[in-house]
Amino acid sequence: MPIEVKEKPKYAIVAAVQLPSVNDVEFEASLTELRELAKTLGYKVVSTFVQKRSSFDTTAYLGVGKRQEIRSFVHNDSGYIEYAESVVNSDNREIDVILVDHEISPSQARNLENEVGCEVMDRTMVILEIFHRNARSRAARAQVEIARLGYMAPRLREAAKLAGPQGRQRSGVGGRGGGESHTELDRRKIRDRIAELQQEIVAMEAERKTQRARRQERQGLATVALVGYTNAGKSTLMRALTGSEVLVANKLFATLDTTVRTLYPESVPRVLVSDTVGFIKNLPHGLVASFKSTLDEALDASLLLHVIDASDPGFERQLEVTNQVLVEIGADEVPRIRIFNKIDHVGDAAMQVEHESALREKYPDGVVMSAIQPEDVAQLRQQIVAFFQQDLVETELFLPWTAQQLRGGIYANCQVLEERADDEGAFFRVRGEAETINKLREQFSRVREV
Ligand SMILES: Nc1nc2c(ncn2[C@@H]2O[C@H](COP(=O)(O)OP(=O)(O)OP(=O)(O)O)[C@@H](O)[C@H]2O)c(=O)[nH]1
Ligand SMILES: [Mg+2]
């Protein structure tokens, strides 16, 4: 059941175990990201509880002492102030949820929930919830629902236990109530529903493939896909490059569907740009699988624009995550341009210059820019067009006066460098894709034969 955001403020606390393999910087970055994710869901994070451990506690993720500390905080026990002065729930806020920065097992979640007396959501659940809210199209909705059901299935039994003999429904995890038979029934329903959704997706995919094939047939194969970490500025750049109105929002996972638009002003060859779903560290596995089809767009592209938020202190880690996902979906062979975006958002002017030169040194092939600077966008557009013009050929076409109705086709598909005429017809010196030019020649000769 989705959690309503609008009614009253929702308060959350964040809790995490720091394993020995994770350094402080990484650990902090991950916590910051979880807080961002929480904000996207409409939560106000009032406190963070961390604990260094060699491994997660098998019963309830956090150690017993930390659990008690959180319980006291949630219940605002008076003794708590002496216990840990640094974090006091002084405004006596009612904590709605504890967000845990790892994926934890169903029984760990249940035990923690029981012990601290407050709903627990793990990182996976948080991300699934955001995807669930942001999914718009039928395909995205179906994909998210499959991932959610897959996550929920093993948790049903735990939810039933938590609900107790009365079988009252609990929020969050989505249990239906007590009793084995109910759980089994629910599980079967989930399996059936997943199968049904998968069939729907297969059908939608076939449809999408046909559309894509038609599009490519019509417009050649010049396709670019914007990929990268969530909130990097992909949709902003998409808008700027295509003059279209795609959704831009300062929240995580604003885009869940792939949209396709033409590069604007139009170029020869015409270039199609697609925006894709953002990546994130530890993207739940169910979601990677679900969004594979959406990301196929990236696989099919001739060029990837890997957008990186250069103003984020953790940008290198984010860059790495995107690289990994691209390997996972088999798109690591596609040529790509790295775009270090939001340079305008880095500190003051001096810091921008310094950051930019450091980036240029480390990534000589990368582009350092700002999606909100029209000159930067124009330059990037030029670079994209140049990429696709590498393979263009320059040649001459002759169009007899009797076939002048085809003149528009030349202008629509090629860059006309020169046009001159004689008694028989018109000569065009053109630059275009070899395949397109051959098609035009075929057309001309057919007309002549008629
Ligand atoms: N200052 C600055 N802000 C930018 C720039 N590019 C994007 N933004 C802002 O960054 C936020 C995220 O931008 P989006 O374009 O929605 O990011 P996205 O990569 O599509 O994000 P998801 O769809 O969530 O994966 C928005 O608030 C944008 O206005 C930039 O070059 N400079
Ligand atoms: Mg977007």
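Residues numbered from 1 in each chain as written. Chains lettered and ligands numbered in written order. Predicted model: local features only at pLDDT ≥ 70, side-chain atom pairs only at ≥ 80, totals over all residues.

### A word on the sheet that holds strand E11 (residues 393–400)
- With antiparallel pairing, the three strands of this open sheet are ordered in space as E11-E13-E12. Strands at the two margins of the open sheet, each flanked by one partner only, are E11 and strand E12 (415–421). On average, each strand axis in the sheet is inclined to that of its neighbour by 20°, with strand direction left out of account.
- Summarising the sheet, E12 and strand E13 (residues 425–432) pair through six bridges and their orientation is antiparallel. Opposite Gln 415, over in E13, you have Arg 431 as the bridge partner. (Pairing = 2+ DSSP bridges. Helix = DSSP H or I, 4+ residues; strand = E, 2+ residues; numbered from the N terminus. Axes fitted to C-alpha atoms, helices over the stretch in contact; angles between N-to-C directions.)

### Remarks on the environment of Val 346
- Tracing the backbone through its elements, the reader meets Val 346 in the loop between strand E9 (336–341) and helix H12 (349–362).
- You can call Val 346 buried: it has 22 C-beta atoms within 10 Å.
- Separated by 36 residues in the primary sequence, Val 346 and Ala 310 place their C-alpha atoms 7.6 Å from one another. (Buried ≥ 20, exposed ≤ 12 C-beta atoms within 10 Å, placed from the backbone.)

### With respect to the packing of helix H5 (residues 123–134) against helix H6 (residues 138–152)
- At a minimum axis distance of 10 Å, the contact between H5 and H6 shows a crossing angle of 150°. Relative to H6, the element H5 lies roughly antiparallel. Once H5 is placed against H6, the crossing between them reads as left-handed. Residue-level contacts link Thr 124, Met 125, Leu 128, Phe 131 and His 132 of H5 to Val 144, Ala 147, Arg 148 and Tyr 151 of H6.
- Within the contact of H5 with H6, the residues separate by chemical class into six nonpolar, two polar and one charged. (Parallel < 35°, antiparallel > 145°, perpendicular 65-115°, else oblique. Left-handed = near helix turned anticlockwise from the far one by under 90°. Contact = placed C-beta atoms within 7 Å. Nonpolar A, V, L, I, M, F, W, Y, C, P; charged D, E, K, R; others polar.)

### Some words on unusual backbone geometry
- Here the bond from Tyr 264 into Pro 265 is cis, since omega is -5°, no more than 30 degrees from zero.
- With respect to the helices and strands, Pro 265 occurs in the loop between strand E6 (259–262) and strand E7 (272–275).

### Examining the pairing of strand E1 (residues 10–18)
- Strand direction decides the pairing type here: E1 and strand E2 (residues 43–52), joined by nine bridges, are parallel. By the bridge assignment for E2, Tyr 11 is matched with Lys 44.
- The parallel pair E1 and E2, bridged by helix H1 (residues 24–40), forms a crossover whose chirality is right-handed.
- The pairing of E1 with strand E3 (residues 95–100) spans five bridges and is parallel. Residue Ala 15 lies in a different strand from E3, and its bridge partner there is Val 100. (Right-handed = clockwise from strand over helix to strand, strands pointing away.)

### Things to note about H1
- With 17 residues, H1 ought to run about 24 Å at 1.5 Å a step, and its terminal C-alpha atoms sit 24 Å apart, in line with that.
- Restricting attention to buried positions, one finds in H1 the residues Ser 30, Glu 33, Leu 34, Leu 37, Ala 38 and Thr 40. Viewed along the axis of H1, the buried residues span an arc of 155°, placing them on a single side of the element. Turned more than 90 degrees off the buried face of H1, the exposed positions are Asp 24 and Val 25. (Expected span 1.5 Å × (residues − 1). Arc of directions from axis to C-beta.)

### Re the environment of Asn 341
- Within the secondary structure layout, Asn 341 lies in strand E9.
- For Asn 341, a count of 29 C-beta atoms within 10 Å puts it in the buried group.
- Beyond its immediate chain neighbours, meaning those up to four positions away, Asn 341 contacts Ala 232, Gly 233, Leu 237, Val 307, Ile 308, Asp 309, Ala 310, Met 369, Ser 370 and Ala 371.

### A short note on the confidence of the model for the protein
- Mean pLDDT over the protein works out to 84, with 85% of the residues at or above the 70 mark.
- Note on residues 79–86: pLDDT under 50 across the span, and seven contacts to partners over four residues away in sequence or across chains.
- Of the regions scoring below 50 in pLDDT, residues 167–178 engages in 37 contacts with residues more than four places distant in sequence or in other chains. (pLDDT = per-residue confidence, 0-100.)

### Quick look at helix H13 (residues 374–389)
- With 16 residues, H13 extends 22 Å between its outermost C-alpha atoms, agreeing within 8% with the 22 Å of an ideal straight helix rising 1.5 Å per residue.
- By the burial criterion, the buried members of H13 are Asp 376, Leu 380, Ile 384 and Phe 388. Looking straight down H13, one finds its buried side chains confined to an arc of 115°; they lie on one side. In H13, the exposed positions that point more than 90 degrees away from the buried face belong to Pro 374, Glu 375, Gln 382 and Ala 386.
- Where H13 is buried, its residues touch strand E5 (223–228), strand E8 (303–309) and strand E10 (367–368).

### Some thoughts on the pairing of E3
- Most of E3 sits inside the fold, with six of its six residues counted as buried.
- Note on the crossover from E3 through helix H4 (residues 106–116) to strand E4 (residues 119–122): the handedness is right-handed.

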